[in-house]
Amino acid sequence: MAHTYGEVLPPSFPDIFKFAHTGQSVFIDAGSGYGALLVAAVSEYGCQYALGVEKYKDKYLASIALVSRLPQELQQRIHIVQQDVNDTDFLHLLSKLQFQNLLFFCNNVAFNSGTIHR
């Protein structure tokens, strides 16, 4: 089964980050898919860290492969977990990071109303 649902494409990335105060920021992508937005957050838009949560194993593995091709300095700034967003302890994922701003991105096309209104 293909798990394609509202993928965010690179031309939309500037719109996502235009109001962000990057630098000492952590970017979270809930439903991070293939990881392109995570990579862009740290390599192009100045976020200090990027955290991705992806439910589907095929997308998770593809995102890990994408990150593994980056320079080590960027790899260390990206963390991806394979699990359902509803089961994710975001406070735990953030507990060891020092940051001033948190950017949380959720393209809600893929989520049911219970998740969206949580």
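The coordinates are above.
Notes on the structure follow. (Residues numbered from 1 in each chain as written. Predicted model: local features only at pLDDT ≥ 70, side-chain atom pairs only at ≥ 80, totals over all residues. Heavy atoms only, no water.)

1. What to know about the packing of aromatic side chains
Then comes step 1: Under the counting rule described, the total for this entry stands at four aromatic pairs.
Then comes step 2: Considering the side-chain rings of phenylalanine 27 and phenylalanine 105, the 6.5 Å spacing of their centres and the 25° angle between planes classify their relative orientation as stacked. With phenylalanine 27 in strand S1 (residues 25-30) and phenylalanine 105 in strand S4 (residues 101-105), this residue pair connects regions lying 78 residues apart in the sequence.
Then comes step 3: Arranged with centres 5.3 Å apart and planes meeting at 75°, the rings of phenylalanine 90 and phenylalanine 104 form a pair that is edge-to-face. Separated by 14 residues along the polypeptide, phenylalanine 90 in helix H5 (residues 90-94) and phenylalanine 104 in strand S4 bring together distant segments of the chain.
Then comes step 4: Classification of phenylalanine 104 by relative accessible area gives partly exposed; the value is 46%.
Then comes step 5: In textbook terms, an aromatic cluster arises when at least three aromatic residues are bridged by ring pairs, as seen for Phe17, Phe27, Tyr45 and Phe105. (Phe/Tyr/Trp six-rings, centres within 6.5 Å; stacked < 30°, edge-to-face > 60°. Helix = DSSP H or I, 4+ residues; strand = E, 2+ residues; numbered from the N terminus. Buried < 20%, exposed > 50% of the residue type's maximum accessible area, 1.4 Å probe, protein only.)

2. Topic: the environment of tyrosine 56
Then comes step 1: Mapped onto the elements, tyrosine 56 comes out in the loop between strand S2 (49-54) and helix H3 (57-68).
Then comes step 2: Distance in space between the C-alpha atoms of tyrosine 56 and glycine 31 is 9.0 Å, their sequence separation being 25 residues.

3. Focus: H3
Then comes step 1: Here H3 is 12 residues long and its end C-alpha atoms lie 16 Å apart, about the 16 Å a rise of 1.5 Å per residue gives.
Then comes step 2: Of all the positions in H3, only Lys59, Tyr60, Ser63 and Val67 are classed as buried. All buried residues of H3 fall inside an arc of 100° around its axis, so they share one side.
Then comes step 3: Each element contacted by the buried residues of H3 is listed here: helix H2 (36-43), S2, helix H4 (72-75) and strand S3 (78-82). (Expected span 1.5 Å × (residues − 1). Arc of directions from axis to C-beta. Contact = heavy atoms within 4.5 Å.)

4. Regarding the sheet that holds S4
Then comes step 1: If you trace the four strands from one edge of the open sheet to the other, you get S3-S2-S1-S4, paired in parallel fashion. Only two strands of the sheet have a single neighbouring strand rather than two, namely S3 and S4. Each strand axis lies, on average, 15° off the axis of its neighbour in the sheet, ignoring direction.
Then comes step 2: As paired strands, S1 and S4 are joined by five bridges and run parallel to one another. The residue of S4 that forms the bridge with serine 25 is asparagine 101.
Then comes step 3: Together, S1, S2, S3 and S4 form the strand contacts of H2, whose direction differs from that of S2 by roughly 175°. (Pairing = 2+ DSSP bridges. Axes fitted to C-alpha atoms, helices over the stretch in contact; angles between N-to-C directions.)

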